[in-house]
Amino acid sequence: MSGPTNAFEIAQQQFDRVADQLELDDQVREQLRWPAREFHFRIPVRMDNGVIRVFEAFRVQHNDARGPNKGGLRFHPAETVDTVRALAMWMTWKCAVANIPLGGGKGGVIVDPSTLSDGEKERLVRGFMRVMWRNVGPRQDVPAPDVGTTPQMMGWMMDEYSRITGQYTPGVITGKPLGGGGSEGRTEATGFGVIYTVREAMKHLGIDPKTTTASLQGFGNVSQYAALGFIEHLGGKVLCVSCWDRNDRTSYTFSKEDGIDPRFLMSITDQYGTIDKEKAKAAGYQIEDGGAWITKDVDVLIPAALEGQVTGESVKLISPKVRILAEAANGPTTPDADEILKQRGIFVIPDFLCNSGGVTVSYFEGVQNDQNFYWSREEVLKKLDENMTTAFGSVLDMSLKKSVYMRDAAYMVAIDKVVRAMKLRGWI
Ligand code: NAD
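All figures in this text were calculated on a predicted structure; none of them were measured in a lab. (Residues numbered from 1 in each chain as written. Predicted model: local features only at pLDDT ≥ 70, side-chain atom pairs only at ≥ 80, totals over all residues. Heavy atoms only, no water.)

What is the right way to look at the site of the ligand in this model?
Around the ligand there are 22 residues in total, and T190, F219, V222, W244 and G273 lie nearest to it. Take T190: an N or O atom from its side chain is 2.7 Å from an oxygen atom of the ligand. N221 is positioned with one of its backbone polar atoms (N or O) 3.0 Å from an oxygen atom of the ligand. Of all the secondary structure elements, the ones that give two or more residues to the shell around the ligand are α6 (186–205), α7 (221–232) and β7 (237–245). With 3 residues, the top contributor of residues to the shell around the ligand is β7. The residue makeup of the shell around the ligand, split by class, is 10 nonpolar, 10 polar and 2 charged. (Near = heavy atom within 4 Å. Polar contact = N/O pair within 3.5 Å; in protein donor to acceptor, adjacent residues only side chain to side chain. Helix = DSSP H or I, 4+ residues; strand = E, 2+ residues; numbered from the N terminus. Nonpolar A, V, L, I, M, F, W, Y, C, P; charged D, E, K, R; others polar.)

Encoded structure:
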């Protein structure tokens, strides 16, 4: 099937499809099909060898009708402004569907962070803030970590902003380290949030979670806590997880018939989400090729690694037993696979609903920063559960009311909220 491959064209096409169904008029579409503002700039950095290198950077602010722009900052060698535009637009929908009062934004720097020393990384992120400080802030645009950036980098950026403005301002950025303005519960937020939506889907479908099994792709931040949550919160069994092995440059699936132990696997996984094969084998794990995760006879599939993993081809390998596909990753399903999932009646929890736990706790972090009063982990996770449950309910209601696919329903809920805020503010 042919179609756009550029992420921003895909994002615009998804929007157009639902805009048609909602019969949005052109003045609304023109404001939502494009980012409201974009910053393209270059950051000179003195490298450790004394030479200045210049890095190309972007910050895209898609829409702030519902609140300050919100979204991560990516460091990637193949970053493009179109990818950043698409991700900024998806953030607008994610915040709206999660019903948190924030808009959509995203940033990117064209760089491979693994080639930089800590000092070079610090000078680069401080340079980003020196360019952007007038256009970010707790009431304007709040960046966060994303691919290739870390809590420590957020700490440096918060410090740079606070120094320039002369005021300690932790709310300028989220995903900060604990003790440096970060929130309890942020590490597990996305994975646990995925599981709260799976629990709600099971309630709707009349499935007893204790009898269920799951297979996950990936074993990084999201997958680790989704696997733990599936076992400890739902009482189900996880039959396998997978990972990309950075040394072999290939992927593997790690399975155990009586269920994997995520805490053990976490203890033998490095910071990039690569599991130690020898130690896993010694503990009785079966190691298969990376594609095996999608073929398992399980009730729930959770792609939690990369975009574009459930394709027109791989979707054919999904077992008839599978009832739920929980999109923990961003954009894991291609449009042609989506059509087949629909026909087969597999219940899809769409990505910007399923993985919105991360941005929800980022929002909680900002709230705690504003009030300079911090919550316990239990309180954060309780509020996260309530928020995710409500968000899931609003999308399911829309899907049932309009007899539409869950992905379209999520778009409808999100676009409706953003358009309503634009109207109330007199933008349309
Ligand atoms: P991560 O880098 O911590 O982990 C990624 C995992 O995927 C690693 O275990 C890696 O080995 C594995 N992987 C990579 N390529 C693979 C392949 N071909 N086959 C099998 N495994 C492979 O990333 P993460 O933070 O867990 O994010 C995972 C996904 O969730 C991404 O799509 C991300 O955009 C999305 N997401 C993350 C968050 C968050 O809070 N971390 C929030 C929303 C969405």
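Let's pick the thread back up.
What exactly am I supposed to notice about the pairing of strand β5 (residues 141–145) here?
As a general feature of sheets, a regular strand has side chains that alternate between the two faces. In terms of residue burial, β5 counts as a mostly covered element, since 4 of its 5 residues are buried. As judged from the 5 bridges shared by strand β3 (residues 69–76) and β5, these two strands associate in the parallel manner. The residue bridging L73 from the neighbouring strand is P145, located in β5. (Buried < 20%, exposed > 50% of the residue type's maximum accessible area, 1.4 Å probe, protein only. Pairing = 2+ DSSP bridges.)

Can you help me understand unusual backbone geometry in this one?
Both trends apply: most residues other than glycine have a negative phi, and most peptide bonds are in trans. Positive phi outside glycine occurs at E23, with the angle close to 55 degrees. Along the polypeptide, E23 turns up in the loop between α1 (7–22) and α2 (26–32). Not every positive phi belongs to a glycine, and R249 is a case in point at roughly 55 degrees. By secondary structure assignment, the location of R249 is in the loop between β7 and β8 (250–255). Residue classification places R249 among the exposed residues on the basis of a relative accessible area of 60%.

Explain the domain arrangement of the chain to me, please; I cannot follow it from the model alone.
In many analyses, interface size is given as the accessible surface area lost on bringing the parts together. Each assigned domain of the chain is listed with its residue range as follows: domain 1 (37–169) and domain 2 (187–354). Computed over C-alpha atoms only, the centres of domain 1 and domain 2 are separated by 30 Å. (Domains from an automatic or database assignment.)

Would you mind showing me how to read the pairing of β7 here?
For β7, a buried count of 7 out of 9 residues is recorded, marking the element as mostly surrounded by other parts of the structure. In this structure, strand β6 (residues 213–217) lies alongside β7, joined through 3 bridges in parallel fashion. By the bridge assignment, T213 is partnered in β7 with K237. Handedness of the β-α-β unit built from β6, α7 and β7 comes out right-handed. Of the strand pairs in this sheet, β7 and β8 are connected by 6 bridges, and their pairing is antiparallel. Directly across from D245, in β8, lies its bridge partner T250. Between β7 and β8, which pair antiparallel and follow one another directly, the connecting turn spans 4 residues, one of which, R249, has a positive phi of 55 degrees. (Right-handed = clockwise from strand over helix to strand, strands pointing away.)

Which parts of the structure should I look at to understand the sheet that holds β6?
The strands that make up a sheet are held in pairs by hydrogen bonds between backbone atoms, and each pair lies either parallel or antiparallel. Taken in spatial order, the 7 strands line up as β9-β8-β7-β6-β10-β11-β12 in an open sheet, and their pairing is mixed. Either end of the sheet is taken by a strand with one partner, and the two such strands are β9 (286–289) and β12 (347–349). The sheet shows a mean angle of 20 degrees between the axes of neighbouring strands, direction not considered. Across 2 bridges, strand β10 (residues 300–303) lies against strand β11 (residues 324–326) in parallel orientation. By the bridge assignment for β11, V300 is matched with I324. Across the sheet, α7 is in contact with β6, β7 and β10; its angle to β6 comes to roughly 175 degrees. (Axes fitted to C-alpha atoms, helices over the stretch in contact; angles between N-to-C directions. Contact = heavy atoms within 4.5 Å.)

What should I look at first to understand the sheet that holds β3 in this one?
Ordered by their spatial adjacency, 5 strands build an open sheet running β1-β2-β4-β3-β5, and the pairing between neighbours is mixed. Edge positions in the sheet fall to β1 (37–46) and β5, since each of these pairs with one other strand and no more. In this sheet, neighbouring strand axes are inclined to one another by 25 degrees on average, regardless of whether the strands run parallel or antiparallel. Inspection of the sheet shows β1 paired to strand β2 (residues 52–63) by 10 bridges, in the antiparallel sense.

Sorry, what's going on with the pattern of salt bridges here?
Oppositely charged side chains can form a pair if their charged atoms are brought close together. For the structure shown, the criterion picks out 35 salt bridges. A salt bridge links E79 to R74; its shortest N-O distance comes to 2.8 Å. The two residues E79 and R74 agree in class, both being buried. For K176, the salt bridge is made with E365, and the minimal N-O distance between the two is 2.7 Å. Here E365 lies in helix α12 (residues 357–371) and K176 lies in the loop between α5 (151–165) and α6, a separation of 189 residues in the sequence. We note that K176, like E365, is buried. Each of E122, R126, R130, D159, E160 and R163 takes part in one network of salt bridges that share partners. (Salt bridge = Lys/Arg side-chain N within 4 Å of Asp/Glu carboxyl O.)

How do you make sense of helix α10 (residues 335–344) when you look at a structure like this?
Since the α-helix advances by 3.6 residues per turn, residues separated by three or four positions end up pointing in the same direction. When α10 is considered as a whole, its buried residues turn out to be A337, D338 and L341. Burial along α10 is one-sided: seen end-on, the buried residues are contained in an arc of 105 degrees. Against the buried residues of α10 lie β11, β12 and α14 (406–424). (Arc of directions from axis to C-beta.)

Honestly, the environment of T295 in this entry has me stumped. Any pointers?
Mapping T295 onto the fold places it in the loop between β9 and β10. Each C-alpha atom, one on T295 and one on L325, is 13 Å from the other, the two residues being 30 residues apart in sequence. Leaving out residues up to four positions away in the same chain, T295 has contacts with L317 and S319. A polar contact of 2.7 Å, which involves the side chain of T295, links it to the backbone oxygen of A292.

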